Amino acid sequence: MIFWDDKSLLFATGLPLAVIGKLLAKDQSEEQLQQELVSIGQTFLDRYLTMKEYRSLMRNREQKLPIIILLTGLPAVGKSALAKELSVAFDIALVIGGDAFRSAFRSFLPRDAGNKAFFTSIYDSWKVFGEYNKENALKGFQAQAKVMNSAVQYVIADRGLRDGESMIFEYLHFLPSQFDSELLTHPSVIPIILRINNLTVYEERITQRNNFSHLKSPGDRLLAQR
């Protein structure tokens, strides 16, 4: 497979694919390749060597800790796009999206009062707690997040830390306050919070999201919530 070929280590540098392609086309020795990476930037060589060491530890069965990345942020900030890039860069096969994860839970969770907010849209979850205000909006979000974070922690503990399987979660509802502190501070667990401060850029991303990833989900509702 391409990702287990030594040449795939170049994906971990973060260089554009066009640059990686040119480096591979030269069919250089390992020493020449490293020298060329230095000429591009020491950071790129450092990333390459780090991944090279990590791959060596895996092959020798000396690497026992997985990489578990938690990507979170508002819709359209780039969680899914970054998850794909990190999956390639670090050769992580398991990428779990929050929307699909949540849909699966809705298929078997009881629709009782305790889970009522979970079965509403994130935009309407406040209605479970009364009139619209900041306090009820937070309550609705936290109620949904409690179910999601409980499930995410179980998967991390069971598949990630117990079985040593690297994975990437990208989802909206990550709340550190709902995580077990011992799990959250484990060296394998890497939380990343994404944010776009420029409203114009954010609106452009919402439009692009409709074109490339959410083909039947217009962004009008997201724009109304911005």
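Look up: the structure comes first, before these words.
What you see is a predicted model, and the numbers here were worked out from it, not measured in a lab.

A.B. asks: An account of the pattern of salt bridges is requested, with residue identities and associated values reported.
C.D. replies: All told, the structure shown has nine salt bridges when counted by the stated rule. When the shortest N-O distance is used, the salt bridge between R55 and D91 registers 3.9 Å. Highlighted residues: R55 in helix α3 (residues 42-59) and D91 in the loop between α4 (79-89) and β2 (94-97), separated in sequence by 36 residues. Under the relative-accessibility criterion, R55 is labelled buried at 3%. Taking the relative accessible area as the measure of exposure, D91 reaches 21% and is therefore partly exposed. Here R159 ties to D163 by a salt bridge, and the two come within 3.1 Å at their closest N and O atoms. Residue classification places D163 among the partly exposed residues on the basis of a relative accessible area of 37%. By sharing partners, the salt bridges in this structure join D158, R159, R162, D163 and E165 into a single network.

A.B. asks: Describe the packing of helix α2 (residues 30-40) against α3, and please don't skip the residues or the numbers.
C.D. replies: Where α2 meets α3, the axes come as close as 5 Å, and the angle between the chain directions of the two elements is 140°. For the element pair α2 / α3, the angle class is oblique. Contacts between α2 and α3 involve E30, L33, Q34, L37, V38 and I40 from the former and Q42, F44, L45, Y48, L49 and K52 from the latter. Looking at the contact of α2 with α3, its residues break down into eight nonpolar, two polar and two charged.

A.B. asks: Requested: an account of the packing of aromatic side chains, with residues and values cited.
C.D. replies: Counted by the stated rule, this structure contains seven aromatic pairs. Arranged with centres 6.4 Å apart and planes meeting at 65°, the rings of F169 and Y171 form a pair that is edge-to-face. We note that F169, like Y171, is buried. Against the face of F118 rests R102, its NZ or CZ located 5.5 Å from the ring centre.

A.B. asks: Tell me what's going on with the sheet that holds strand β3 (residues 167-170), and back it up with residues and numbers.
C.D. replies: Strand order in the open sheet made by the four strands is β2-β3-β1-β4, with parallel pairing throughout. If you trace the sheet from one side to the other, it starts and ends with β2 and β4 (189-193), each paired once. On average, adjacent strands in this sheet sit at an angle of 15° to one another, irrespective of strand direction. The pairing of strand β1 (residues 68-72) with β4 spans five bridges and is classified as parallel. Looking at β4, one finds that L71 is bridged to I192.

What counts and what doesn't
- Residues numbered from 1 in each chain as written.
- Predicted model: local features only at pLDDT ≥ 70, side-chain atom pairs only at ≥ 80, totals over all residues.
- Heavy atoms only, no water.
- Salt bridge = Lys/Arg side-chain N within 4 Å of Asp/Glu carboxyl O.
- Helix = DSSP H or I, 4+ residues; strand = E, 2+ residues; numbered from the N terminus.
- Buried < 20%, exposed > 50% of the residue type's maximum accessible area, 1.4 Å probe, protein only.
- Axes fitted to C-alpha atoms, helices over the stretch in contact; angles between N-to-C directions.
- Parallel < 35°, antiparallel > 145°, perpendicular 65-115°, else oblique.
- Contact = heavy atoms within 4.5 Å.
- Nonpolar A, V, L, I, M, F, W, Y, C, P; charged D, E, K, R; others polar.
- Phe/Tyr/Trp six-rings, centres within 6.5 Å; stacked < 30°, edge-to-face > 60°.
- Lys NZ or Arg CZ within 6 Å of the ring centre and 35° of its normal.
- Pairing = 2+ DSSP bridges.

By themselves, these are just geometric observations and shouldn't be taken as functional.
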